[in-house]
Amino acid sequence: EIVKSLTAYPSFNMLSMRRLENVELFERFSHRERQVERDMFAAPDEDLYIPDTPDWLKKLGERNGLSKLANTHYLLHGTTHAKLQSIVKHGLRTKFGNKDHNLYGSGLYFADAACKASQYCAAARGENIILVCRVIIGRSHLLRKPSDDAFAPEGFHSTRVQAGVTCKLGCKPG
């Protein structure tokens, strides 16, 4: 189903797929997820933002038991071959973020569409790396304009941009 989803975009051609996992980083992620669960339980959010992910990402989340209370979802992150080993070893870190693509503040950028994630890849030989990542969204703040903020505002766990706002390359299936 993942291949079918990506082949809806004529310019995409999947070359390989691998599972990358760092147990120590996953334990750190799980600890943060439990913190967000406690926050969300203490102050439930009636207008919880749920990303509009493709069915294959939703099914993957259901199969792997992502935390609904922490509002954890699978999202996509575009990167380069040069950064991949660092990501596997240290995880995604804001201090290593791409300084050229930070229209909405320094941070980690994720997308629910492969075409958007691929815009954050510096294509070498026409190849992009798109990671499928567990992302704790928690309570999400909607950004309505570019921002220099480094973190989500008080009371929020993440920030987001309205879909389609920054899509300049025509992110529609062909």
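What you see is a predicted model; the values in this text were computed from it and never measured.

A. Expanded view of the overall build of the protein chain. Regarding its fold elements, the protein chain presents 5 helices and 4 strands. Residues classed as buried in the protein chain amount to 33% of the 174 residues present. Sequence-distant contacts in the protein chain: of pairs separated by 6 or more residues, those separated by 24 or more amount to 69%.

B. Representation of the environment of Leu-92. With respect to the helices and strands, Leu-92 occurs in the loop between α4 (81-90) and α5 (114-118). Remark: the alpha-carbon pair of Leu-92 and Leu-108, spanning 16 residues in sequence, is separated by 7.3 Å. Sequence-distant contacts of Leu-92, defined by excluding residues within four places in its chain, comprise His-77, Ile-87, Leu-108, Phe-110 and Cys-133.

C. Looking closely at the nonpolar core. Residues Trp-56, Leu-57, Leu-60, Leu-66, Tyr-74, Leu-76, Ala-111, Ala-114 and Ala-117 constitute the largest nonpolar core, which totals 9 residues. Those elements that place two or more of their residues in this core are α3 (55-63), β1 (72-79) and α5. It is α3 that provides the largest number of residues to this core, a total of 3 residues. With 8 residues, the next largest nonpolar core counts Ile-87, Ile-129, Leu-131 and Cys-133 among its residues.

D. Broad picture of the environment of Leu-20. When you line up the elements, Leu-20 lands in the loop between α1 (2-6) and α2 (23-42). A relative accessible area of 45% places Leu-20 in the partly exposed class. Here the alpha-carbon distance between Leu-20 and Leu-131, two residues 111 residues apart in the chain, equals 9.1 Å. Apart from residues no more than four positions distant in its own chain, Leu-20 is found in contact with Leu-84 and Val-88.

E. Region of the structure containing the side chain of Ser-118. Mapped onto the elements, Ser-118 comes out in helix α5. Polar side-chain contacts of Ser-118 include one of 2.8 Å to the backbone oxygen of Cys-115.

F. Representation of the side chain of Glu-33. Take Glu-33: it is sitting in helix α2. One buried charged residue, Glu-33, remains without a salt bridge, the closest side chain of opposite sign being Arg-134 at 5.5 Å. Among all residues touching Glu-33, those that are not within four sequence positions of it are Ser-67, Ala-70, Thr-72 and Ile-136.

G. Inspection of the confidence of the model for the protein chain at higher detail. Chain-level pLDDT for the protein chain is 79 on average; 74% of the residues reach the 70-or-more range. Here α1 stands out as the element of the protein chain with the lowest mean pLDDT, 56, in contrast to α2, whose mean of 94 is the highest. Across residues 167-174, where pLDDT falls below 50, the model places 13 contacts with residues more than four positions away in sequence or in other chains.

H. View of the pattern of salt bridges. For the coordinates displayed, the defined rule picks out 1 salt bridge. With a closest N to O distance of 2.5 Å, Arg-19 and Glu-21 form a salt bridge. Judged by relative accessible area, which is 49%, Glu-21 ranks as partly exposed.

Scoring rules and cut-offs
- Residues numbered from 1 in each chain as written.
- Predicted model: local features only at pLDDT ≥ 70, side-chain atom pairs only at ≥ 80, totals over all residues.
- Heavy atoms only, no water.
- Helix = DSSP H or I, 4+ residues; strand = E, 2+ residues; numbered from the N terminus.
- Buried < 20%, exposed > 50% of the residue type's maximum accessible area, 1.4 Å probe, protein only.
- Contact = heavy atoms within 4.5 Å.
- Core = buried A, V, L, I, M, F, W, Y, C linked by side-chain atoms within 4.5 Å.
- Polar contact = N/O pair within 3.5 Å; in protein donor to acceptor, adjacent residues only side chain to side chain.
- Lys, Arg positive; Asp, Glu negative; His and termini not counted.
- Salt bridge = Lys/Arg side-chain N within 4 Å of Asp/Glu carboxyl O.
- pLDDT = per-residue confidence, 0-100.

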